[in-house]
Amino acid sequence: MENRYFEVKKPKNFDITQIFDCGQCFRFDRIDENAYEGVVSGKYIKISQTEDKLKLYNTDEKEWDGFWSDFFDLKTDYSKIIKSFSDDKILTEAAEFAGGIRILKQDAWEALCSFIISQNNNIPRIKGIIRRMSEKYGKEIYDDGNKKYYSFPDAKTLYLAGEDEIFALRTGFRAKYIYDAAKAVFQDPHFLDDTAKLDTKSAAEKLLTVKGVGNKVAACTLLFGFARYDAFPVDVWVKRILEKYYPHGGSGHLCGKYAGVAQQYLFYYERCKNNVYINKIPTEKQEKRK
DNA sequence: GGGCAGGTCTAAG
DNA sequence: CTTAGACCTGCC
């Protein structure tokens, strides 16, 4: 049954490696050169990419159309966005390199929690924490025969588990932040819905009321959890990029309607230039250790 | 082995 | 309003 799949035509501006290697999502793992698997919103999928097709495992047409195509943001025309960047040379260069990236529409709560965990942290450890958290407090949603996959725990479960238990997942000083976020979302069932109704700036201010959420985490949550393309996360890399390529101030695109998309192109472009990759193939990793 | 990791809080000017 | 330090942990 694991080998059952169906195919769709590969969308334009779609590169599975770029999508999952640009740091927007912590729950997908590279299992082969052109294949990834992961869990989102309680659903497991395996996806492999060829020249012109996507092979989709453990899902069906209905779920692909109803859920995954939205998750992969297939309704957005990224070539149009890239065209709008054409007056910015650096950005155009970055988009040429990273134009296969799509902003994943992730679950808002999971995004909030994940980016709190991401602060002052490295990717392998972030992924480890989220995995342990899901294994302990999420629901088993898929078993491929030798591995089980778990959904991300909801806010209520983490709140009831308590700060000490969250700390026990080796979250470090972030435990109290995660607990505070869980508390905010659990105690106010409309916390995230209300956030979604606000304009991006007000939404950010609302998220900032959660302990452990600063500008960067708020922007990431909005960009990846609320599909706010105008949210512009500024981290150490983006700071470096701004200093290096925009010493006299950023172009209008960096605070425009698609600032977040621009940010992802620049971020991925610059990190690749510096040889920083996220999802290594397991065998590659082992070879490196020699 | 020790610096560093897609930050944020707190305390102090 | 701006800016140092501190902060858990474990990867590279």
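What counts, and where the lines are drawn
Residues numbered from 1 in each chain as written. Chains lettered and ligands numbered in written order. Predicted model: local features only at pLDDT ≥ 70, side-chain atom pairs only at ≥ 80, totals over all residues. Helix = DSSP H or I, 4+ residues; strand = E, 2+ residues; numbered from the N terminus. Rg over C-alpha atoms; globule rule 2.2 N^0.38 Å. Buried ≥ 20, exposed ≤ 12 C-beta atoms within 10 Å, placed from the backbone. Contact = placed C-beta atoms within 7 Å. Domains from an automatic or database assignment. Nonpolar A, V, L, I, M, F, W, Y, C, P; charged D, E, K, R; others polar. Core = buried A, V, L, I, M, F, W, Y, C linked by C-beta atoms within 7 Å. Near = placed C-beta within 6 Å. Pairing = 2+ DSSP bridges. Axes fitted to C-alpha atoms, helices over the stretch in contact; angles between N-to-C directions.

S.K.: So what's going on with the overall build of chain A? Which residues, and what values?
M.R.: Secondary structure summary: chain A contains 15 helices and seven strands in total. Against the globule reference of 19 Å for 290 residues, chain A gives a C-alpha radius of gyration of 19 Å, in line with a compact fold. Along the longest, intermediate and shortest principal axes, the C-alpha atoms of chain A span 50 × 45 × 45 Å. For chain A, buried positions account for 40% of its 290 residues. Residue pairs in contact within chain A that sit at least 24 positions apart in sequence constitute 64% of those at least 6 positions apart.

S.K.: Give me the domain arrangement of chain A: which residues, what numbers.
M.R.: Per the domain assignment, the segments of chain A are domain 1 (5-103) and domain 2 (108-225). Once you take the C-alpha centre of each, domain 1 and domain 2 turn out to be 23 Å apart. Between domain 1 and domain 2, the contact holds eight residues from the first and ten residues from the second. Across the side of domain 1 that touches domain 2, the residue classes tally to four nonpolar, three polar and one charged.

S.K.: Can you explain helix α12 (residues 215-225)? Please cite residues and give values.
M.R.: For α12, a buried count of nine out of eleven residues is recorded, marking the element as mostly surrounded by other parts of the structure. Looking only at α12, the buried set comprises V217, A218, A219, C220, T221, L222, L223, F224 and G225. Structurally, α12 contributes buried residues whose contacts are with α5 (108-117), α11 (200-207) and α14 (259-273). The positive-phi residue at the C-terminal boundary of α12 is A227, with phi of around 50 degrees.

S.K.: How would you summarise the nonpolar core if you had to cite specific residues and measurements?
M.R.: Counting residues in each nonpolar core, the largest one holds 83 residues, and the members touching the most others are I116, I178, A181, A262 and Y265. Looking at this core, you find at least three residues from each of domain 1 (5-103) and domain 2 (108-225). Once residues within four sequence positions are removed from consideration, I116 is found in contact with R174, Y177, I178, A181, G212, V213 and V217.

S.K.: So, the protein's contact with DNA strand C: which residues are in play, and what are the values?
M.R.: N120, N122, P124, R125, G128, R170, G172 and F173 make up every residue found near DNA strand C. Classifying every residue of the surface near DNA strand C by side-chain character gives two nonpolar, four polar and two charged.

S.K.: Requested: an account of the sheet that holds strand β1 (residues 5-9), with residues and values cited.
M.R.: With antiparallel pairing, five strands are arranged side by side in an open sheet as β1-β5-β4-β3-β2. Of all strands in the sheet, those with a lone pairing partner are β1 and β2 (28-32), marking the two edges. Neighbour-to-neighbour, the strand axes of this sheet turn through a mean angle of 25 degrees, independent of strand direction. Pairing of strand β4 (residues 43-49) with strand β5 (residues 53-57) involves four bridges; the strand directions are antiparallel. Its bridge partner lying in β5, I47 is registered against L56.

S.K.: Residue-level account of the protein's contact with DNA strand B, with values.
M.R.: Around DNA strand B sit 23 residues in total, of which G23, Q119, G214, K216 and V217 are the nearest. At the level of elements, α12, α13 (236-245) and α14 are the ones that each hand at least two residues to the surface near DNA strand B. Here the residues of the surface near DNA strand B are counted per class, giving nine nonpolar, eleven polar and three charged.

S.K.: Explain the environment of H248 to me, and be specific about the residues and the numbers.
M.R.: Mapped onto the fold, H248 is located in the loop between α13 and α14. Sequence separation between H248 and R132 is 116 residues, and the spatial gap between their C-alpha atoms is 44 Å.

S.K.: Hey, could you go over unusual backbone geometry for me, with residue numbers and the actual values?
M.R.: Residue S41 is not a glycine yet carries a positive backbone phi of 45 degrees. As for its position among the elements, S41 is in the loop between β3 (35-40) and β4. The partly exposed category is assigned to S41, around which 14 C-beta atoms lie within 10 Å. Unlike most non-glycine residues, D73 shows phi in positive territory, near 60 degrees. The class of D73 is partly exposed, set by 19 C-beta atoms lying within 10 Å.

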